[in-house]
Amino acid sequence: MEIQTLRSYQAPPETYMPSYAGNHESDEPFKIHHRPLIRGLQLEWFKVSGESAEMRKEAGNDPAALYSALIESDQIAQGFRDRFIRAHVVGASGLTDGGEPIELESLHSLLIDVAELGGEVITHILLGGQMSEDEGKA
């Protein structure tokens with residue numbers, strides 16, 4: 001086997017059927033295709049979450065400081081969510097835009113703009129990509 005083949009290998013996409021807006025009960029449910037969890041983004045998620053908690057803690061009981069911390073934390077988290085979706089989501093099936101299959105950029109925009117749907121997909125990828133304690137021992 002060629003080394004270049006090994007270097008360029010990507011794991012096949014996984015499929016997730018969101019429950020958002022009753023998708024599970026739909027006659028034609030849509031599915032999101034995504035890459036397995038990228039370890040670097042998992043570590044960044046831990047960092048973003050920790051920094052957000054630290055900012056809120058430092059603000060203490062000062063309402064103005066807490067408000068500023070929440071705004072800054074939300075901006076950092078939104079930037080992360082955008083990058084996370086673009087890095088992981090590779091397509092969809094059963095989802096159309098004007099009768100045509102949705103294009104990747106439109107799918108990314110949808111998942112970013114519809115926070116509940118995007119959040120569900122992100123949560124699935126994050127939780128689906130974590131090793132259990134037993135798997136970590138193997």
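What counts, and at which threshold
Within each chain, residues carry numbers counting from 1 in the order of the written sequence. Note on the predicted model: pLDDT of at least 70 is required for a residue's local features to be given, and 80 or more for side-chain atom pairs to be given and counted; whole-chain, interface and lining totals, by contrast, use all residues. Note that the side-chain values use all heavy atoms of the structure and ignore hydrogens as well as water. By definition, two strands form a pair when at least two bridges between them are found by DSSP. Each helix is a run of H or I in the DSSP string that is no shorter than four residues. Each strand is a run of E no shorter than two, and both are numbered from the N terminus. Fitted lines through C-alpha atoms serve as axes, helices being fitted only where they are in contact, and the angles separating the N-to-C directions of these axes extend from 0 to 180 degrees. Two residues form a contact once any of their heavy atoms are found within 4.5 Å. Salt bridge, as applied in this entry: a Lys or Arg side-chain nitrogen positioned within 4 Å of an Asp or Glu carboxyl oxygen. Exposure is judged per residue with a 1.4 Å probe applied to protein chains only, and the accessible area is read against the type maximum: over 50% gives exposed, under 20% gives buried, and values in between give partly exposed.

S.K.: Tell me about the sheet that holds strand 1 (residues 14-16), and please be specific about residues and values.
M.R.: A sheet is described by the order of its strands in space; here three strands give the open sequence 1-2-3, paired in antiparallel fashion. The open sheet is flanked by strand 1 and strand 3 (89-93), the only strands paired with a single partner. If you compare each strand with its neighbour and ignore which way they point, the axes differ by 30° on average. Two strands pair when backbone bridges link them, and strand 2 (residues 31-34) and strand 3 are joined in this way by four bridges, in the antiparallel orientation. Following the sheet pairing, H33 is matched in strand 3 by G91. Its contacts with the sheet place helix 3 (residues 63-88) against strand 2 and strand 3, and it is angled at close to 65° to strand 3.

S.K.: Can you break down the pattern of salt bridges residue by residue, with the values?
M.R.: Applying the stated criterion to the full structure yields three salt bridges. Notably, a salt bridge pairs R83 with E44, separated by 1.9 Å at the nearest N-O pair. Here R83, found in helix 3, pairs with E44, found in helix 2 (residues 39-59); they are 39 residues apart in sequence, far enough to count as distant. For R83, a relative accessible area of 43% gives the class partly exposed. A relative accessible area of 23% places E44 in the partly exposed class. The shortest N-O distance in the salt bridge between R86 and E105 comes to 2.9 Å. A residue pair is termed long-range when its members are at least 10 positions apart, and R86 in helix 3 and E105 in helix 4 (residues 104-113) qualify at 19 residues. R86 sits in the partly exposed class, given a relative accessible area of 38%.

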